[in-house]
Structure formats: structure tokens, C-alpha cells
Amino acid sequence: MKGPKGIRTNDEASQMGDDIGPDEVDARLERISQYGQVSLSEPPLQANLRVANAELLELALRMKEELAAVLERRPDSIERLAHVRRGMNLYLRITSQISRYTQLVVKHHHGQTEN
């Protein structure tokens, strides 16, 4: 059953794999931590960029969990919905920054492999 205006219900989201269970969250946090740790062996500029990216990845994951929990409770007022919207906008800005950092890391990696 579709929710209002094409929004998926919680059951539909679960069936489509949108829910992140505790085990998956733990696994993703472990991978992010590993990425950050491995990054420390890079030259200083690259290490800082990758560690910052790992920190943003963790923040985005935690924000996604919190936003999902809030949406599950279904905000009951315009004020609460506005608060959720601000959280979603922040989440999108963080994921955009992750994308930019990732592009820099990839460009740097390709530059090193071409030399």
C-alpha cells in the first residue's frame, strides 16, 4: 500500500531494503573506521582529506538513522516537520561534501597511478 502522495509505508521500505538494521549499521561503522585508520598511512594532505571523509560518512549514517526514526514517528505538527526538513537539508549537504571529497580522493589516486 502506498502512503500519501507516493510515499512508501514502513512495510514497503522494509521490503525494499531501506531499513538499516543494527547489524548493518555496526558493519558500516566498522568499515568507516577501517577506512579512516587506513587513511592515516597516506601523506598528510590525503590522510586528512580521507579521515575527514570518514568522519562525514559516520555523521551521515547516524543522521540517516535519526531521521528515519523521526519519520517513523510521523511528525504531527508543521513545526516538527520543519525541524525534520532542516535535518534532511543538513544530511543532503553532508552527502554532497562526501561526494566532493570522494571525487578529490579519486582524482588524486588516478593522478598517482598515471605517473
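1. Considerations on the overall build of the chain
- Per the secondary structure count, the chain includes four helices and zero strands.
- Counting from the amino terminus, the chain carries its helices and strands in the arrangement α-α-α-α.
- Within the chain, the fraction of its 115 residues that count as buried is 23%.
- Of the contacts made within the chain by residues no fewer than 6 positions apart, 52% connect residues no fewer than 24 positions apart.
- For the chain, the computed accessible surface area is about 8700 Å², with 55% contributed by carbon and sulfur atoms.

2. Focus on the side chain of S39
- Along the chain, S39 falls in helix α2 (residues 22–39).
- On the basis of relative accessibility, which here comes to 2%, the residue S39 falls in the buried class.
- Contacts of S39, omitting those with residues within four sequence positions, involve A47, R50 and V51.

3. Structural notes on the confidence of the model for the chain
- Confidence in the prediction of the chain, expressed as mean pLDDT, is 82, and 81% of residues score 70 or more.
- Put simply, helix α1 (residues 10–15) is where the chain has its lowest mean pLDDT, 46, and helix α3 (residues 44–72) is where it has its highest, 93.

About the thresholds
- In this numbering scheme, every chain counts its residues from 1 along its sequence in written order.
- For this predicted model, a pLDDT threshold of at least 70 governs which residues receive local features, and a threshold of 80 or more governs which side-chain atom pairs are given and counted, while totals over whole chains, interfaces and linings are taken from all residues.
- Computation of side-chain values: all heavy atoms of the structure, hydrogens and water removed.
- The numbering of helices and of strands both runs from the N terminus, where a helix is a DSSP run of H or I of at least 4 residues and a strand a run of E of at least 2.
- Burial status follows relative accessibility: with a 1.4 Å probe on protein chains alone, a residue under 20% of its type maximum counts as buried, one over 50% as exposed, and anything between as partly exposed.
- Whether two residues touch is decided by their heavy atoms; if any such pair falls within 4.5 Å, the residues are in contact.
- Exposure was quantified through the Shrake-Rupley algorithm and a 1.4 Å probe, taking into account, for residues, occlusion by the shown protein chains and nothing else.
- The predictor reports its confidence for every residue as pLDDT, a score running from 0 up to 100.

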